[in-house]
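Okay, here's what each chain looks like letter by letter:
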Amino acid sequence: NAGVTQTPKFRILKIGQSMTLQCTQDMNHNYMYWYRQDPGMGLKLIYYSVGAGITDKGEVPNGYNVSRSTTEDFPLRLELAAPSQTSVYFCASSQGGGQGTDTQYFGPGTRLTVL
Amino acid sequence: QQQVKQSPQSLIVQKGGISIINCAYENTAFDYFPWYQQFPGKGPALLIAIRPDVSEKKEGRFTISFNKSAKQFSLHIMDSQPGDSATYFCAATAIQGYQKVTFGIGTKLQVIP
């Protein structure tokens, strides 16, 4: 199993550009998450999904959109990139099913810089 | 509002020493407390976790101590090694619900030889 994979690993965007961060998991997990990590701020939840076709906002959703058409994929869309979106983005997945004790598995991250 | 407060933000420990990271939470609905370990350039990975019905959980050199009445918990790394150098996040979640995990801000641990 590859676990959670993310592409690209690095990206530089100009202000106003758009892009999609890709996330795929091969563990047949129900739940998937997008976080951003900023120095001294920890991990902030952007969006999450409890299954295909179901998504919901996290703590910091503004400027982002998601979709979940399959169990495996959970892409994150940035529209009109802004310098405040410079961050490291992590995708994660967990088995779900209402058991809060299950583990979240994280991908390796995408480092995004908006100039 | 920072629901999980973590300290210190950075920590330097001599090899063989004890590393201690503290966390406090406010939301009494939290009932599961995982710790994640993150090496540079990698995503976080679950290290150890505890539920509040026990006061301590130990796995190898890593121990979580939990004080339910004070709403505090801490990670102790015994006999710290240079390979333990990483960022550690405490976290909290409610077992019921959609498992949204609230993370602390992280502690960057450096173990020096």
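What this report covers is the structure whose coordinates are included nearby.

What counts, and at which threshold
Residues numbered from 1 in each chain as written. Chains lettered and ligands numbered in written order. Predicted model: local features only at pLDDT ≥ 70, side-chain atom pairs only at ≥ 80, totals over all residues. Heavy atoms only, no water. Contact = heavy atoms within 4.5 Å. Buried area = accessible area lost by both parts, 1.4 Å probe. Salt bridge = Lys/Arg side-chain N within 4 Å of Asp/Glu carboxyl O. Polar contact = N/O pair within 3.5 Å; in protein donor to acceptor, adjacent residues only side chain to side chain. Nonpolar A, V, L, I, M, F, W, Y, C, P; charged D, E, K, R; others polar. Disulfide = S-S within 2.5 Å. Helix = DSSP H or I, 4+ residues; strand = E, 2+ residues; numbered from the N terminus. Buried < 20%, exposed > 50% of the residue type's maximum accessible area, 1.4 Å probe, protein only.

Digging into the interface of chain B and chain A
Piece 1. Tallying the contact residues gives 22 residues for chain B and 25 residues for chain A.
Piece 2. Of the roughly 1800 Å² buried between chain B and chain A on both sides combined, carbon and sulfur atoms contribute 57%.
Piece 3. Linking chain B with chain A are zero salt bridges, by the criterion used here.
Piece 4. In this structure, the connection of chain B to chain A is made through two residue pairs in polar contact (both at pLDDT 80 or more).
Piece 5. Counted by class, the side of chain B that touches chain A contains 11 nonpolar, eight polar and three charged residues.

A closer look at the state of the cysteines
Piece 1. Applying the stated criterion across every chain, the model contains two disulfides over all chains.
Piece 2. With its sulfur 1.8 Å from that of its partner, Cys23 of chain A forms a disulfide with Cys91 of chain A. Linking Cys23 of chain A and Cys91 of chain A, the disulfide has an S-S dihedral of approximately -70 degrees and is accordingly described as left-handed. Of this pair, Cys23 of chain A sits in strand 3 (residues 19-25) while Cys91 of chain A sits in strand 9 (residues 87-94), and the two are 68 residues apart along the sequence. Summarising the burial analysis for this pair, Cys23 of chain A and Cys91 of chain A share the class buried.
Piece 3. Covalent S-S linkage joins Cys23 of chain B and Cys90 of chain B, the inter-sulfur distance amounting to 1.9 Å.

Overview of the environment of Asp84 of chain B
Residues and elements named next belong to chain B.
Piece 1. For Asp84, the location among the structural elements is in the loop between strand 8 (72-77) and strand 9 (86-92).
Piece 2. For Asp84, a relative accessible area of 5% gives the class buried.
Piece 3. Spatially, the C-alpha atoms of Asp84 and Glu26 are 29 Å apart, while their sequence positions differ by 58 residues.
Piece 4. Ignoring any residue separated from it by four or fewer positions in sequence, one finds Asp84 in contact with Arg61, Phe62, Ile77, Asp79, Leu109 and Val111.

Notes on unusual backbone geometry
Piece 1. In this model, Thr7 of chain A is joined to Pro8 of chain A through a cis peptide bond whose omega is -10 degrees.
Piece 2. Summarising the element assignment, Pro8 of chain A is placed in the loop between strand 1 (4-7) and strand 2 (10-13).
Piece 3. Across the junction of Ser7 of chain B and Pro8 of chain B, the peptide omega takes the value -5 degrees, indicating a cis bond.
Piece 4. If you trace the backbone, Pro8 of chain B turns up in the loop between strand 1 (4-7) and strand 2 (10-14).
Piece 5. Even without a glycine there, the phi angle at Leu80 of chain A is positive, about 50 degrees.
Piece 6. Locating Leu80 of chain A in the fold gives a position in the loop between strand 8 (76-78) and strand 9.

A closer look at the environment of Ile21 of chain B
Residue and element names in this part refer to chain B.
Piece 1. Relative to the assigned elements, Ile21 resides in strand 3 (residues 19-25).
Piece 2. Separated by 69 residues in the primary sequence, Ile21 and Cys90 have C-alpha atoms spaced 8.7 Å apart.
Piece 3. Here Ile21 is in contact with Gln6, Ser7, Leu11, Trp35, Phe73, Ser74, Leu75, Tyr88 and Thr107, once residues within four sequence places are set aside.

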